[in-house]
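The chain contents come next:
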Amino acid sequence: MEISYKYIRTKELMSLDIVLKNAKIFTSSGPIEGDIGIKDGKIVKIGDIQEQYIKTIDLSGKYVIPGLIDGHTHMEFPFMSEITADDFYYGTKASIAGGVTTIVDFVTPSHGQDLISAYEKWRGNADPKVVSDYGLHMIIREINSNVLEQIPSVINKGVVSFKLFMAYKNELMLPDGDLYKLIKKISDFGGVTGIHAENGEIINELIQEFLKEGKVEPIYHYYSRPDILEIEATNRIASIASLVGKDVKMYIVHTSTGEAVDIISNYRKMGYKFFNETTPHYLTLNTEMLKRPDAFRYVMSPPLRSDEQRTKLWYRLASGDIFTIGSDHCVYSDLQKKRHMEKVPPFNEIPNGVPGTETILPLLYYFGVKKGIISMERFIEVTSLNPAKLFGLYPQKGTIMPGSDADFAIIDPEKKVRISPDVLHSNIDYTIYDGVEVEGWNVMTMRRGEIVYEEGQVIGKKGSGKYIPGKTPIMM
Ligand SMILES: [Zn+2]
């Protein structure tokens, strides 16, 4: 990309800091050819720009899209006796390199910890390290003395979305009664409830059965979490939430089955504000990965599913039934995945989680848009517009229009890349997409008008990202 500077006398200095020239600009309502004028980190003008400006970037042949919003990351996440390998610095470097300008991470209180102090701890971890901008969700793992009373204060801090678990017995799972109480309370104050929908009780039974029979290999991770347990939990939580009422705003995180999407779509047709998120790994990988020698790297929950399910998800993404794409970026090193042992531990002891924030764009663009399965407009909707609305960040984030933050991913649609750890930025030395060849790659990231990634290098400074408090979620 050609960057040129004009030195103009101070008295002639016009309103614009940077102009992106000759860009093909994509928004959720279609492409526009023209220039984008930026001032103080905001978009101020779109169209043919003739005014004075200091710096031009010629983007001929490139696509400009809204910076992605990855609404599902776990940086510095304490889980299964490990803390994820990507802290807020490494993790958001990876995001920025992948064209993700905002992440929404999960505050995870420890047992007995109150929500506000957990929020403050997360801000303390993130603020000095983030390169991308970020928002926060709040995980609620138990109803202790004052959790219910704290929900309005959490929302006042800009944490408008919550996450409740129906799985991970004895760690994060909540009983149905607590799910009901929490959804009601969150809804009363206008928040959004995210749900990890898998039947944790039955999963626990299946795990015990397999272990007793000596079936410990990673593939049993899949067999212990069959499709039907996601479908059942989705159906159950939709029933519970529908009892609370039509004002409930709920979304099912990382949906891995077409049937779970259909349950939620049917409720939406009845007027409920229920939605689904899925992740790129459920769209691009399958259960076979759990038979590889490095299968331990592919352990996440819900597990990778059949090609039949993968196809069902693509169809539902194309039809608009899937609302958002998040990565569920939750990275462990090989050492952590193996619990610091030589041998791979039994499947139920492998920390759950995979990298993903940096590869949302190339995977979804290549396997979705380039292959003709989804339109560019859908791509933009699910990766920026919809998450911005759902998490109360719109219109500051998630769109290209005057007044919005100048957050862009700039795609070279012809660039061919073979994915390997060398081209990625996480704090681990592997990728679950090793050897996958894609066409279309993020070549520049701009965050609030600043170039933070270019030519493979993250140049954004540690701590230069900002906390973006969520406002009222918008659900269609
Ligand atoms: Zn997650």
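Computed from a predicted model, the values in this text were never measured in an experiment.

### Quick look at unusual backbone geometry
And then number 1: Backbone torsion omega between S301 and P302 reads -10 degrees, so that peptide bond is classified as cis.
And then number 2: Note that P302 resides in the loop between α9 (280-284) and α10 (307-319).
And then number 3: Note the cis peptide between Y394 and P395, where omega equals 5 degrees.
And then number 4: Inspection of the secondary structure assignment puts P395 in the loop between α13 (376-390) and β17 (408-418).
And then number 5: The phi angle at D40 is positive, at roughly 50 degrees, despite the residue not being glycine.
And then number 6: Structurally, the position occupied by D40 is in the loop between β3 (30-39) and β4 (42-47).
And then number 7: Using a relative accessible area of 62% as the deciding quantity, one classes D40 as exposed.
And then number 8: A positive phi angle, close to 60 degrees, is found at H340, a residue other than glycine.

### Considerations on empty space enclosed by the protein
And then number 1: By the definition in use, this model includes five cavities of 30 Å³ or more.
And then number 2: Size it by volume and the largest cavity reaches roughly 130 Å³.
And then number 3: Lining the largest cavity are 16 residues; nearest its centre among them are H74, Y168, D328, C330 and N352.
And then number 4: Taken together, the residues of the lining of the largest cavity sort by class into seven nonpolar, seven polar and two charged.
And then number 5: By volume, the second largest cavity amounts to about 90 Å³.
And then number 6: For the second largest cavity, the lining is made up of 13 residues, of which P355, G356, L424, S426 and T431 are closest to its centre.
And then number 7: Residues that form the lining of the second largest cavity fall into these classes: six nonpolar, six polar and one charged.
And then number 8: If you count residues domain by domain, the lining of the second largest cavity takes at least three from each of domain 1 (2-65 + 404-458) and domain 2 (67-390).

### Quick notes on the domain arrangement of the chain
And then number 1: Here the chain is partitioned into domain 1 (2-65 + 404-458) and domain 2 (67-390).
And then number 2: Taking only C-alpha atoms, the centre of domain 1 and the centre of domain 2 are 29 Å apart.
And then number 3: Each side of the interface is counted separately: domain 1 has 40 residues, and domain 2 has 45 residues.
And then number 4: Between domain 1 and domain 2 lies a buried interface of about 3,400 Å² when both sides are counted; carbon and sulfur atoms form 65% of it.
And then number 5: Seen at the junction of domain 1 and domain 2, the total is two salt bridges.
And then number 6: Note that D133 and R448 form a salt bridge whose closest N and O atoms lie 2.7 Å from each other.
And then number 7: Our enumeration of links across domain 1 and domain 2 arrives at 14 residue pairs in polar contact (both at pLDDT 80 or more).
And then number 8: Contributing elements (two or more residues each) for the side of domain 1 that touches domain 2: β2 (16-27), β3, β6 (63-66), β17, β18 (437-447) and β19 (450-454).
And then number 9: For the side of domain 1 that touches domain 2, the per-class residue count stands at 22 nonpolar, ten polar and eight charged.

The rules behind each value
- One numbering rule holds for all chains: residues counted from 1, following each sequence as written.
- This being a predicted model, a pLDDT of at least 70 is required before a residue's local features are given, and a value of 80 or more before pairs of side-chain atoms are given or counted; all residues contribute to the totals for chains, interfaces and linings.
- The side-chain numbers reported here are obtained from all heavy atoms of the structure, hydrogens and water having been left aside.
- Helix numbers and strand numbers start at the N terminus; a helix is a DSSP run of H or I with at least 4 residues, a strand a run of E with at least 2.
- Burial status follows relative accessibility: with a 1.4 Å probe on protein chains alone, a residue under 20% of its type maximum counts as buried, one over 50% as exposed, and anything between as partly exposed.
- Of the two site types, the cavity is a set of points on a 1 Å grid over the protein atoms alone where a 1.4 Å probe fits but cannot get out, and the pocket is an open set with protein on both sides within 12 Å along at least five of seven lines, each lined by residues with an atom within 4 Å of a point.
- Grid points are joined across faces, edges and corners, and a volume is the space filled by probe spheres set on the points.
- Charged residues are taken to be Asp, Glu, Lys and Arg, nonpolar residues to be Ala, Val, Leu, Ile, Met, Phe, Trp, Tyr, Cys and Pro, and polar residues to be all remaining types, Gly included.
- Where a domain begins and ends is set by an automatic assignment or by a domain database.
- Residues count as neighbours in contact if any of their non-hydrogen atoms are within 4.5 Å of one another.
- When two parts are brought into contact, each loses some accessible area as probed by a 1.4 Å sphere; the total of that loss over both is the buried area.
- Between Lys or Arg on one side and Asp or Glu on the other, a salt bridge is scored when a side-chain nitrogen of the former is within 4 Å of a carboxyl oxygen of the latter.
- Here a polar contact means two N or O atoms within 3.5 Å. Within protein one must be a hydrogen donor candidate and the other an acceptor candidate, and residues neighboring in sequence count only if both atoms are side-chain atoms.

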